[in-house]
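The primary structure of each chain is shown beneath.
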Amino acid sequence: MPTREGHQKWLSRQQRLETDAGNIPRVLIPTNKDVLKGRGRGVQNHVGNLRFRHMVAERQNEYDANDMFGAKGIVANKVMEAIESEGGRFLKDDGIGWVRLEDTDAREKISMTFRSQRKDSNASR
């Protein structure tokens, strides 16, 4: 059951969204295809993020086999294109709503995920 406090928080967010002068397109409710940038279990366990990490894991060997930055970038671009071809977006919460990440920020998130999963893989050995 929704709480009064939760409703007040939602209402306040909606009012800020409606009065925002920046006119930045925002996403109120991310889909299961979207990849969210942020911290915490809510973001990490979002269905889109789980799918994203699975895609990265499938291409981990290809990413690691390339020692040149440009080649690694090509692998990151493949992941980004796969997400976007399925209707997904890379989003971050700006405190008012979810906004689309710039392509360079999305590629950085992808590359960081490749490096993080490599570290996790090496630690579990």
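The structure displayed is predicted, hence computed values, not measured ones.

Asks: Whenever I open this one, the pattern of salt bridges confuses me. Can you help?
Replies: Any two side chains of opposite charge can pair if their charged atoms end up close together. Using the criterion set out here, one finds six salt bridges in the structure. In this structure, the salt-bridge partner of Asp94 is Arg26, at a minimum N-O distance of 2.6 Å. Of the two residues, Asp94 sits in the loop between β2 (90-93) and β3 (98-100) while Arg26 sits in the loop between α1 (4-19) and β1 (35-37), which places them 68 residues apart along the sequence. Note on Arg26: relative accessible area 18%, which makes it buried. Linking Glu62 and Lys78 is a salt bridge whose minimum nitrogen-to-oxygen distance equals 2.9 Å. Here Glu62, found in helix α4 (residues 60-65), pairs with Lys78, found in helix α5 (residues 69-85); they are 16 residues apart in sequence, far enough to count as distant. The exposure class of Glu62 is partly exposed, given its relative accessible area of 28%. Salt bridges here are not isolated pairs; linked through shared partners, they connect Arg59, Glu62 and Lys78.

Asks: Help me understand the pairing of β2 in this model?
Replies: Within a regular beta strand, the side chains point alternately toward one face of the sheet and then the other, so they alternate between its two faces. In the sheet, β1 pairs with β2 via three bridges, with the strands oriented parallel. The residue bridging Val35 from the neighbouring strand is Phe90, located in β2. In this sheet, β3 lies alongside β2 in antiparallel orientation, the contact comprising three bridges. Bridging from a neighbouring strand, Leu91 pairs with Arg100 of β3. With antiparallel pairing between neighbouring strands as the criterion, β2 and β3 make up a hairpin whose turn holds four residues, including Gly95 at a positive phi of roughly 95°.

So, how was this worked out
- Every chain is numbered independently, its residues counted from 1 as its sequence is written.
- A pLDDT threshold of at least 70 governs which residues receive local features in this predicted model, and a stricter bar of 80 or more applies before side-chain atom pairs are shown or counted, although totals over entire chains, interfaces and linings include all residues.
- The side-chain numbers reported here are obtained from all heavy atoms of the structure, hydrogens and water having been left aside.
- Salt bridge criterion: a side-chain nitrogen from Lys or Arg within 4 Å of a carboxyl oxygen from Asp or Glu.
- Working definition: helices are DSSP H or I runs of at least four residues, strands are E runs of at least two. Numbering for both runs from the N terminus.
- Under the scheme applied here, a residue whose accessible area is under 20% of the maximum for its type counts as buried, over 50% as exposed, and between as partly exposed, the area being computed with a 1.4 Å probe on protein chains only.
- When DSSP finds two or more bridges between a pair of strands, those strands are recorded as paired.

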